Amino acid sequence: MAKYLLLKHYRGGPARVVDFDPIDRWTPTEIDAHVQYMNDWAAKLEGTGEYVDGQALSPEGTFVRYDGEGRPPVTDGPFAETKDLIAGWMVIDVETYERALELAGELSAAPGPDGKPIYEWLEIRPFLTAPPTITE
Amino acid sequence: MNETLLRELIPAVTGVLVRRGADFATAEDAVQEALIRALATWPKNPPADPKGWLITVAWRKFLDTTRTESSRHAREALVAAGPPPGPADDTADTLQLYFLCAHPSLTPASAVALTLRAVGGLTTRQIAEAYLVPEATMAQRISRAKRTVSGVRLDEPGDLATVLRVLYLVFNEGYSGEVDLADEAIRLTRQVTSMTDDEEASGLLALMLLHHARRAARTTPNGGLVPLAEQDRSRWDTALIAEGVAILQADLARDRLGEYQAQAAIAALHADAQTAEETDWVQIVEWYDELDRLTDNPVVRLNRAVAVGEADGAQAGLAALEQVDPVVPRRTAVEAYLRERSGEIALAARLYGDAARAATNLAERDHLTRQAARLHSVLRD
């Protein structure tokens, strides 16, 4: 089995395939349907034994760094218009890369305005594993 | 009674329930519940007859389940069937469970999970921890696996090769949490070996022992990888090596070579060298040729190229590497190593960097990154 991270972006990634309003302009029913679709997808994966984790992130992010011995960390931001903004992630544990693509494709079909799929780009990243014992 | 001894009883207990008429899936669930209760209560109240205790508790759980799930009539029929007919044969039962848990209809990951639970006697939580997934996910994976094999008759002839493949995966992959998967794989492979008289089963056991012997020398205290050539060989476990070599010699004498025996032979030749320089690479290349003939695996050809590089020089190794498909994982790392040995330092440094970026595990990536850094600093001086 291999674990993959599916990253959902608010912004960033390849150009959108269909244009749609930001989610806060959708109708409440459309938002509910979108959220329900993702919950159903996660529930299905729990049932198949492939689900590991899913979390949503607040869009409000701040950069922070070390600023020398004895000094408090320095912060910068939040920035309203960063190019890449991560909305959340799902972690799956699947038999093959092809299966990971298949599942990501399903998640990307989540409905948007008028209940139509938003063809959302998802970023898929493999986890690094533990090293195998036998290599020679 | 320690936990390993408790685990050893699990497949036989499931076998008793099945012989009394329980279906495998329900029996296995009942035994898992009895196991969890044993883990909780035995430390304070150890039973006089551990196996009898497990059978009683599991059977009661099984009856409770069928009481709620099926008709009273079916339950009465089961109870009326009473104790199993004929003498109990734990060995035959246990071997059949191995076959069922590694049934070819299961995916490798499902077979691993089911084997660890139904034969290994691990709890779902322990298996989930070893493979870094939530317990609920692992529980689903196991119950789906049981549904997949629900139509398989327990007395069907099984395929030992798939059982060995599953045990190899348990040994080779997974994180060790509460339960040490390498120890567990060795324990189960010993059991299969004792039940089957098959030279590939014992060949796999020899392979595991010979690699397990290097465990202490294989990693730095903070988890970094130590390559074979740089390992402190005084830290290899000589008792495990002696046992592995003895098992392998007995296997090879039977003259029915298979891939695990060939892999074990390679490990034994490494174990035999007091220093990396004394390694008999010519013989190792010959074993890779055997392995290539047995498996047709591109990873074997990749490792063969490394051995050829050691036996006949870097140029010969690079020539052997040309026959390896470029998409084979770790090929770039091998080329980097051979390029360095042939004096192409700048190219080797670049290839080590490429290999690090393509690495699929963290320890290997860190090792390759350090190799690239080492060569880049040589180039600067």
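Counting from 1, residues in each chain are numbered in the order their sequence is written. For naming, the first written chain is A and the first written ligand is 1, with later ones following in the order written. Selection of residues for local features in this predicted model requires a pLDDT of at least 70, selection of side-chain atom pairs for listing and counting requires 80 or more, and totals for whole chains, interfaces and linings are taken over all residues.

Asker: For the overall build of chain B, give the residues involved together with the corresponding values.
Answerer: Numbering of helices and strands starts at the N terminus; helices are DSSP runs of H or I of at least 4 residues and strands are runs of E of at least 2. Helix and strand counts for chain B come out as 20 helices and zero strands. Along the first, second and third principal axes, the C-alpha set of chain B runs to 85 × 45 × 40 Å. Three classes are used. A residue is buried when 20 or more other C-beta atoms lie within 10 Å of its own, exposed when 12 or fewer do, and partly exposed in between, with C-beta atoms placed from the backbone. Counting only residues that meet the buried cut, chain B has 44% of its 381 residues in that class. Here, residues touch in the contact sense if the C-beta positions derived from the backbone fall within 7 Å of one another. Long-range pairs, those at least 24 residues apart, make up 61% of the contacts in chain B between residues at least 6 apart in sequence.

Asker: Tell me about the overall build of chain A, and name the residues and values.
Answerer: Summing up its helical and strand segments, chain A has two helices and six strands in all. Taken from the N to the C terminus, the helices and strands of chain A come in the order β-α-β-β-β-β-α-β. Taken over C-alpha atoms, the radius of gyration is set against a globule rule of 2.2 Å times the number of residues to the power 0.38. Since a compact globule built from 136 residues should have a radius of gyration of about 14 Å, the 18 Å found for chain A marks it as more spread out than a globular shape. Counting only C-alpha atoms and orienting by the principal axes, one finds that chain A spans roughly 55 × 55 × 25 Å. Each of the 136 residues in chain A was classed as buried or not, and the buried ones make up 14%.

Asker: An account of the domain arrangement of chain B is needed here, citing residue identities and associated values.
Answerer: A common way to state how big an interface is: give the accessible area lost once the parts meet. Residue and element names in this part refer to chain B. For each domain, the first and last residues come from an automatic or database assignment. According to the domain assignment, chain B consists of domain 1 (280–325) and domain 2 (329–381). Placing a centre on the C-alpha atoms of domain 1 and another on those of domain 2 gives a separation of 20 Å. The partner domain 2 presents seven residues to the 10 residues of domain 1 that form the contact. Listed by contribution, the elements that provide at least two residues to the side of domain 1 that touches domain 2 are helix H16 (298–312) and helix H17 (314–321). Sort the elements by how many residues they give to the side of domain 1 that touches domain 2 and H17 lands first, with five residues. Along the lines of polarity and charge, the residues of the side of domain 1 that touches domain 2 split into seven nonpolar, three polar and no charged. For this classification, the nonpolar set comprises Ala, Val, Leu, Ile, Met, Phe, Trp, Tyr, Cys and Pro, the charged set comprises Asp, Glu, Lys and Arg, and every other residue, Gly included, is treated as polar.

Asker: Would you mind going over the nonpolar core in detail, with residue names and values included?
Answerer: All names here are of chain B. Ranked by internal contacts, the top residues of the largest apolar core, which has 121 residues, are Leu17, Ala58, Leu167, Leu210 and Tyr352. Two domains each put at least three residues into this core: domain 1 (280–325) and domain 2 (329–381). Every residue in contact with Tyr352, bar those within four places of it in the chain, is listed here: Ala336, Leu368, Gln371, Ala372 and Leu375. Nonpolar cores are identified as sets of buried Ala, Val, Leu, Ile, Met, Phe, Trp, Tyr and Cys residues joined via C-beta atoms within 7 Å.

Asker: Break down helix H5 (residues 90–101) of chain B for me, with residues and values.
Answerer: Residue and element names in this part refer to chain B. The end-to-end C-alpha distance of H5, which contains 12 residues, comes to 16 Å, matching closely the 16 Å that a straight helix rising 1.5 Å per residue would cover. Of all the positions in H5, only Leu95, Gln96, Leu97, Tyr98, Phe99, Leu100 and Cys101 are classed as buried. Each element contacted by the buried residues of H5 is listed here: helix H1 (3–19), helix H2 (24–41), helix H6 (108–119), helix H9 (160–172) and helix H10 (181–196). Every helix has an expected span of 1.5 Å times one less than the residues it contains.

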